[in-house]
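Chain and residue survey
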Amino acid sequence: MNALWNSLPVPALLLNQDETIAESNPAAESFLNLSAKALKEAPVWDKVMIDAPIEDAFARASENRSSLFVNDVDVSSGERAPLQCNIQFAPLVDGGDQMLMIFEPREMAARLTKSAKSIRAARSAIGMAEMLAHEIKNPLAGITGAAQLLSMTLSNGDREMTDLIVEESRRIVKLLEQVEQFGNLQPPNKRPVNIHDVLDRARQSASVGFGAHMMMIEDYDPSLPPTFADSDQLLQVFLNLLKNASEAGGPGGSITLHTFYEPSLRLQREDGSGARLPLQIEIIDDGPGLPKEIAQDVFEPFISGKENGTGLGLALVSKLIADVGGWISVDSVPGRTVFRVSLPTVPKDYDGEE
């Protein structure tokens, strides 16, 4: 029985008649970000905060030994941001007066669906641009070369104009290169990857470059198992997220790299199959937060909160994460923006070939 309880993929609590917590499964501990010791014998409404008056309804269900369903409520433990959930209460068969409380995080499912839609939208929106990118880059190279040759014969004042031509041409080339990356149909080279090794490479690169003005804080779970991904693509993802966080924060700001294990998170794929994504990586900054009008659309192509931003960086990140079977989400309020990447573990049947 204990093995079954501990292996449940959904967060669940066992409640006593006096509304204290008798038991919590590992998924609930991860979901609430509280240990079994902190939960055991504690009043449930002190540890599970719900933005709906359900205490009386639960008391009646407990007294009548009946089930209770509560949909679309925000749930928090005070140790993590609220998540929208469905909650089910059910009397435990042959369990005396105890009740079972099961959480179904709805916000995660909604974001997973939105993430999949973002990938499809990204591919559709830039399809034509990808076809034209190569043809546009060739004449741009000629324009850049001509401007550089012309600058050799001009005075300093006139040379500013040719320098502008060269600078803007190079900016367009970088944009086109980002567009071309969406059309890369080569499958990722997935292998067992130590997440912390890749994070450290990204952190070191950021610390001596674009993120030199930020304080980097490591908050790692050292027991995190390897993921199954393309290490180069993963490095590109983390560098992009660190760059965004660095640009959001000013001198004296901080970026926290947080990793943890959450066994309750599952991804429903388009073909109906499911996949566990227990490995969590969060990039957290203390900047002003995302503009409200784009906060839910930052993974769409050409959506950017930056002046002169292309809006392709996060769309590309979303694509790369989807290519290795993961997902990415964001929570943002002034003073705290969290980009979370969720990844799979190495398949049990992996034999070293991919």
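Structure first, text after, so check above.
Report on the accompanying structure. (Residues numbered from 1 in each chain as written. Predicted model: local features only at pLDDT ≥ 70, side-chain atom pairs only at ≥ 80, totals over all residues. Heavy atoms only, no water.)

**Overview of the overall build of the protein chain**
Note the threshold: For the purposes of this entry, the term helix denotes a DSSP run of H or I that reaches at least four residues, the term strand denotes a run of E that reaches at least two, and both are numbered from the N terminus. The buried label goes to any residue with under 20% of its type's maximum accessible area, the exposed label to any with over 50%, and the partly exposed label to all in between, with areas taken from a 1.4 Å probe on protein chains only. By definition in these notes, contact holds between two residues if any of their heavy atoms fall within 4.5 Å. All accessible areas in this document rest on Shrake-Rupley with a 1.4 Å probe, and a residue is counted as covered only by the protein chains that are shown.
A count of helical and extended segments in the protein chain gives 11 helices and 15 strands. Here the protein chain holds 354 residues, and 43% of them are scored as buried. Relative to all contacts within the protein chain whose residues are 6 or more apart in sequence, the contacts with residues 24 or more apart total 65%. Carbon together with sulfur atoms contributes 53% to the accessible area of the protein chain, which is approximately 18,400 Å² in total.

**With respect to the pattern of salt bridges**
Formally: Here, a salt bridge means any Lys or Arg side-chain nitrogen found within 4 Å of an Asp or Glu carboxyl oxygen.
This model, assessed by the stated rule, comprises 7 salt bridges. Taking the shortest distance from any N to any O, the salt bridge between R203 and D200 comes out at 3.6 Å. Within this pair, R203 and its partner D200 are both found in helix 9 (residues 195–207), separated by 3 residues, close to a single helical turn. R203 gets classed as buried once you look at its relative accessible area, which sits at 17%. In this structure, a network of salt bridges that share partners links the residues D200, R203 and E218.

**Digging into helix 10 (residues 231–248)**
Heads up, the condition is: One less than the number of residues in a helix, times 1.5 Å, gives the span that helix is expected to have. We call two N or O atoms a polar contact when they sit within 3.5 Å, provided that within protein one can donate a hydrogen and the other can accept it, with sequence-adjacent residues counted only if both atoms are side-chain atoms.
Here helix 10 spans 26 Å end to end across 18 residues, near enough to the 26 Å set by a 1.5 Å rise per residue. Q233, L234, L235, V237, F238, N240, L241, L242, N244, A245 and S246 are the residues of helix 10 that are buried. The distance from a side-chain oxygen at the start of helix 10 to the backbone nitrogen of D232 is 3.0 Å, and the residue carrying that oxygen is D230.

**Notes on the sheet that holds strand 2 (residues 21–24)**
This is how it is decided: Two strands are counted as paired when DSSP detects at least two bridges linking them.
On the basis of which strands lie adjacent, the open sheet formed by 6 strands has the order 2-1-6-5-4-3 and antiparallel pairing. In the strand order of this sheet, the two ends are held by strand 2 and strand 3 (49–50), each with one partner.

**Looking at the environment of L13**
For L13, the position within the fold is in strand 1 (residues 12–15). In this structure L13 comes out as buried when scored by relative accessible area, which is 0%. Sequence-wise, L13 and L100 are 87 residues apart; in three dimensions their C-alpha atoms are separated by 5.9 Å.

**A closer look at the packing of helix 9 against helix 10**
The following threshold applies: Throughout, an axis means a line fitted to C-alpha atoms (over the contacting stretch in the case of helices), and angles, computed between N-to-C directions, take values from 0 to 180 degrees. Under this scheme an angle from 65 to 115 degrees is roughly perpendicular, one under 35 degrees roughly parallel, and one over 145 degrees roughly antiparallel; angles in between are oblique. Handedness of a helix crossing follows the sense of rotation of the near helix relative to the far helix, less than a right angle counterclockwise being left-handed and clockwise being right-handed. Nonpolar residues are Ala, Val, Leu, Ile, Met, Phe, Trp, Tyr, Cys and Pro. Charged residues are Asp, Glu, Lys and Arg, and all others, Gly as well, are polar.
Where helix 9 meets helix 10, the closest approach of the two axes is 9 Å, and the angle between their N-to-C directions is 45°. Our classification of the angle between helix 9 and helix 10 gives oblique. Between helix 9 and helix 10 lies a crossing of right-handed hand. Between helix 9, through V198, L199, R201, A202, R203, S205 and A206, and helix 10, the contact on the second element is made entirely by S231, L234, L235, F238, L239 and L242. When grouped by side-chain class, the residues that make up the contact of helix 9 with helix 10 number 9 nonpolar, 2 polar and 2 charged.

**Some thoughts on the pairing of strand 4 (residues 68–76)**
Bridge count for strand 3 against strand 4 is 2 bridges, and the pairing is antiparallel. Counted as the bridge partner of M49 is S76 from strand 4. Relative to strand 5 (residues 83–91), strand 4 runs antiparallel, the two sharing 6 bridges. The residue of strand 5 that forms the bridge with D74 is Q84.

**What about the sheet that holds strand 15 (residues 336–343)?**
The mixed open sheet is built from 5 strands, whose spatial order is 8-10-13-15-14. A strand with exactly one partner marks an edge of an open sheet, and here the two such strands are strand 8 (215–219) and strand 14 (327–333). Direction aside, neighbouring strands of the sheet carry axes that sit 15° apart on average. For strand 10 (residues 254–261) and strand 13 (residues 279–285), the ladder comprises 7 bridges, and the chain directions are antiparallel. Across the sheet, residue L257 finds its bridge partner in strand 13, namely I283. On top of the sheet, helix 9 reaches strand 8, strand 10, strand 13 and strand 15; it is set at about 170° to strand 8, its chief contact.

**What about the packing of helix 10 against helix 11 (residues 313–323)?**
Where helix 10 contacts helix 11, the axes come no closer than 10 Å and their chain directions differ by 150°. Helix-helix and strand crossings are classified by hand; for helix 10 and helix 11 the assignment is left-handed. Here Q233, L234, Q236, V237, N240, L241 and N244 of helix 10 lie close against helix 11, whose contacting residues are G313, L314, L316, V317, L320, I321 and D323.

**Let's talk about the nonpolar core**
What counts, and what does not: Here the nonpolar core consists of buried residues drawn from Ala, Val, Leu, Ile, Met, Phe, Trp, Tyr and Cys, with membership extended through side-chain atoms lying within 4.5 Å.
Counting 36 residues, the largest nonpolar core has L241 and L343 as its most contacted members. Elements that contribute at least two residues to this core include exactly helix 9, helix 10, strand 10, strand 13, helix 11, strand 14 and strand 15. Take this core: its biggest share by element is 7 residues, from helix 10.

**Concerning unusual backbone geometry**
Phi at N33 is positive, roughly 60°, even though this residue is not glycine. By the secondary structure assignment, N33 is in the loop between helix 2 (26–32) and helix 3 (36–39). When its relative accessible area of 48% is taken as the criterion, N33 is described as partly exposed. For E41, which is not a glycine, the phi torsion comes out positive at approximately 70°.

**Some thoughts on the side chain of S62**
Positionally, S62 belongs in helix 5 (residues 55–64). With a relative accessible area of 10%, S62 lands in the buried category. Ignoring anything within four residues of it in the chain, the contact list for S62 reads D97 and M99.

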